[in-house]
Amino acid sequence: MCVVCGCADSGEKIHEHRHEPAPLPAASAPQVNAQTGDLHFGSGSARVSVPGMSQERAIRLETDILGANNRIARQNRLHFEAHGVTALNLVSSPGSGKTTLLCATIHALKQRHPGLAVSVIEGDQQTSFDADRIRATGAPAIQVNTGKGCHLDAPMVAEAFGRLHSHGNHEAAHHHGHDHSLLFIENVGNLVCPAAWDLGELAKVAILSVTEGEDKPLKYPDMFAAARLMVLNKVDLLPHLQFDVQRCIEFARRVNPGIEIIQISATTGAGMDAWLHWLEHAMDGQPDHSHGHVDSASHGTTEAVLRQRIAALEAELAAAHAASAGA
Ligand SMILES: Nc1nc2c(ncn2[C@@H]2O[C@H](COP(=O)(O)OP(=O)(O)OP(=O)(O)O)[C@@H](O)[C@H]2O)c(=O)[nH]1
Ligand SMILES: [Zn+2]
Ligand SMILES: [Zn+2]
Ligand SMILES: [Zn+2]
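Residues numbered from 1 in each chain as written. Chains lettered and ligands numbered in written order. Predicted model: local features only at pLDDT ≥ 70, side-chain atom pairs only at ≥ 80, totals over all residues. Heavy atoms only, no water.

## Section: the overall build of the chain
Thought 1: In terms of regular secondary structure, the chain is built from 11 helices and 9 strands.
Thought 2: Across the 327 residues of the chain, 45% fall into the buried class.
Thought 3: In the structure as shown, the chain presents an accessible area of about 16600 Å², 53% of it carried by carbon and sulfur atoms. (Helix = DSSP H or I, 4+ residues; strand = E, 2+ residues; numbered from the N terminus. Buried < 20%, exposed > 50% of the residue type's maximum accessible area, 1.4 Å probe, protein only. Areas by Shrake-Rupley, 256 points an atom, 1.4 Å probe, with all protein chains shown as cover.)

The structure is reproduced here in structure tokens:
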């Protein structure tokens, strides 16, 4: 969560002129593993430790900030709908291949759906390199630099979308059922914070490249829990790596039993058909497709998946109740 990164400015100034280190509020004390001495600073009700801030304050701050963001995200969602825009939020660590995949996708869609409008909002802390790469394909793109910010938020996307699309007549803009377009939002490379921020997208797509290691879904669970699809990229490099694909898939499913998984190489084009097929479903408004031909091994039996999902949600609900009771 982002209050940690300083991207959530509380407006409160913490008194800095101290002569001794201030004791941490009790709620932020870590959980200590008695055997190993390992420390867990995210075991409190806020699931995060912020120096000088109580768990209750951290929860309230995050709720306020995300609440304000989510209001704009809802407006974005309605706005995308009014324009027949399918918006996807691509999230990953830096360098997983998001822009490479987008460039390859734009080229492939030109062949497959010549009339389809595709545009891109590119989030990075600095530079317009990625937007330049997208514009070189002929697709319109707007770069959004966040400076010190570690994620895109809904107002940034609203501003960029306002500049990408013409907004003459919303009524006429859509409702014919045939003027759909795709909007890719490439988030800032960061496997943590973008998970919490709704931009108004139809779905988050997590890109994981095989060079990052198969344990990432377990180490950064929020991102894989928030994503509807995991694209496992750079599979062309598998012969050179020790990366267990099945283990990675199992880890992703442990965090998010319903997640779909597509293996791809953005540079060789392997797996591209499955990805394009998923995008076509997304444009039909049904990114969760259960007919099993994207990656049949990935679907499992629907009932088992649903049971796991229900169990996970019940556990989450119980934890939330416990947290609010303790707050
Ligand atoms: N071998 C291989 N390399 C890839 C593949 N996809 C991307 N790359 C390489 O990975 C590097 C990073 O790719 P980018 O597309 O810039 O990654 P990104 O996720 O957009 O990076 P940021 O926006 O900086 O987070 C580049 O050197 C790409 O050529 C792939 O499928 N296979
Ligand atoms: Zn952050
Ligand atoms: Zn990029
Ligand atoms: Zn509009």
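## Description of the coordination of the zinc ion (ligand 3)
Expected angles at a metal are 109.5 degrees for tetrahedral coordination by four donors and either 90 or 180 degrees for octahedral coordination by six donors.
Thought 1: Donor atoms from the polypeptide that bind the zinc ion (ligand 3) are Thr99 (OG1), Asp130 (OD) and Glu186 (OE), placed at 2.0 to 2.1 Å.
Thought 2: Spacing between the donor residues of the zinc ion (ligand 3) along their common chain follows T-x30-D-x55-E. Separated by 87 residues along the polypeptide, Thr99 in helix H2 (residues 98-112) and Glu186 in strand E6 (residues 181-186) bring together distant segments of the chain.
Thought 3: Using a relative accessible area of 3% as the deciding quantity, one classes Glu186 as buried. (Donors = N, O, S within 2.8 Å, 3.2 Å for Na, K, Ca; no water.)

## Focus: the sheet that holds strand E7 (residues 203-209)
Thought 1: Taking strand neighbours across the sheet as the criterion, the 7 strands line up as E5-E4-E6-E3-E7-E8-E9 in an open arrangement whose pairing is parallel. Only two strands of the sheet have a single neighbouring strand rather than two, namely strand E5 (141-145) and strand E9 (260-263). Sheet twist, expressed as the average angle between the axes of neighbouring strands with direction ignored, equals 20 degrees.
Thought 2: Bridging between E7 and strand E8 (residues 229-233) involves 5 bridges; their strand directions are parallel. The partner of Leu208 across the bridge, within E8, is Leu232.
Thought 3: Strands in contact with helix H8 (residues 245-255) are E7, E8 and E9; relative to E9, the strand with the most contacts, it is inclined by about 155 degrees. (Pairing = 2+ DSSP bridges. Axes fitted to C-alpha atoms, helices over the stretch in contact; angles between N-to-C directions. Contact = heavy atoms within 4.5 Å.)

## Some remarks on the site of ligand 1
Thought 1: Close contacts around ligand 1 come from 19 residues, with Lys98, Thr99, Thr100, Asp236 and Ala266 the closest.
Thought 2: One of the side-chain nitrogen or oxygen atoms of Arg133 is found 2.9 Å away from an oxygen atom of ligand 1.
Thought 3: The separation between an oxygen atom of ligand 1 and a polar side-chain atom of Ser265 is 3.4 Å.
Thought 4: Taking 650 Å² as the accessible area of ligand 1 by itself, protein coverage stands at 72%.
Thought 5: Broken down by secondary-structure element, the contributors of at least two residues to the shell around ligand 1 are H2 and helix H3 (129-135).
Thought 6: When residues of the shell around ligand 1 are assigned to their parent elements, the largest contribution, 3 residues, is made by H2. (Near = heavy atom within 4 Å. Polar contact = N/O pair within 3.5 Å; in protein donor to acceptor, adjacent residues only side chain to side chain.)

## Focus on the packing of aromatic side chains
Thought 1: Taken as a whole and assessed by the stated rule, the structure comprises 3 aromatic pairs.
Thought 2: Ring geometry for Phe80 against Phe161: centres 4.9 Å apart, planes inclined by 90 degrees, an arrangement best described as edge-to-face. You can see Phe80 sitting in helix H1 (residues 55-82) and its partner Phe161 sitting in helix H4 (residues 154-164), a full 81 residues away along the chain.
Thought 3: Judged by relative accessible area, which is 3%, Phe80 ranks as buried.
Thought 4: The exposure class assigned to Phe161 is buried, which follows from its relative accessible area of 2%.
Thought 5: For the pair Trp275 and Trp278, a centre-to-centre distance of 6.1 Å together with 10 degrees between the ring planes defines the contact as stacked. Here Trp275 and its partner Trp278 are both found in helix H9 (residues 272-283), 3 residues apart, which amounts to about one turn of the helix. One exposure class covers both Trp275 and Trp278, and it is buried.
Thought 6: Here the aromatic cluster, defined as three or more aromatic residues joined through ring pairs, consists of Phe184, Trp275 and Trp278. (Phe/Tyr/Trp six-rings, centres within 6.5 Å; stacked < 30°, edge-to-face > 60°.)

## Focus on the pairing of E6
Thought 1: Taken across its 6 residues, E6 has 6 buried, putting it largely inside the fold.
Thought 2: Neither face of E6 is open: one carries Ser181, Leu183 and Ile185, the other Leu182, Phe184 and Glu186, and all of them are buried.
Thought 3: Pairing of strand E3 (residues 85-91) with E6 involves 6 bridges; the strand directions are parallel. Bridge pairing in E6 links Thr86 to Leu182.
Thought 4: Pairing between strand E4 (residues 117-124) and E6: 6 bridges, direction parallel. Looking at the pairing, Ala117 lines up with Ser181 of E6.

## Brief notes about the packing of H1 against H4
Thought 1: Two elements in contact, H1 and H4, have axes whose closest approach is 8 Å; the angle formed by their N-to-C orientations is 30 degrees. In terms of orientation, H1 and H4 fall into the roughly parallel class. When the axes of H1 and H4 are compared, the crossing they make is left-handed. Between H1 and H4, the residues in contact are Asn69, Ile72, Ala73, Asn76, His79 and Phe80 and Ala154, Pro155, Val157, Ala158 and Phe161, respectively. (Parallel < 35°, antiparallel > 145°, perpendicular 65-115°, else oblique. Left-handed = near helix turned anticlockwise from the far one by under 90°.)

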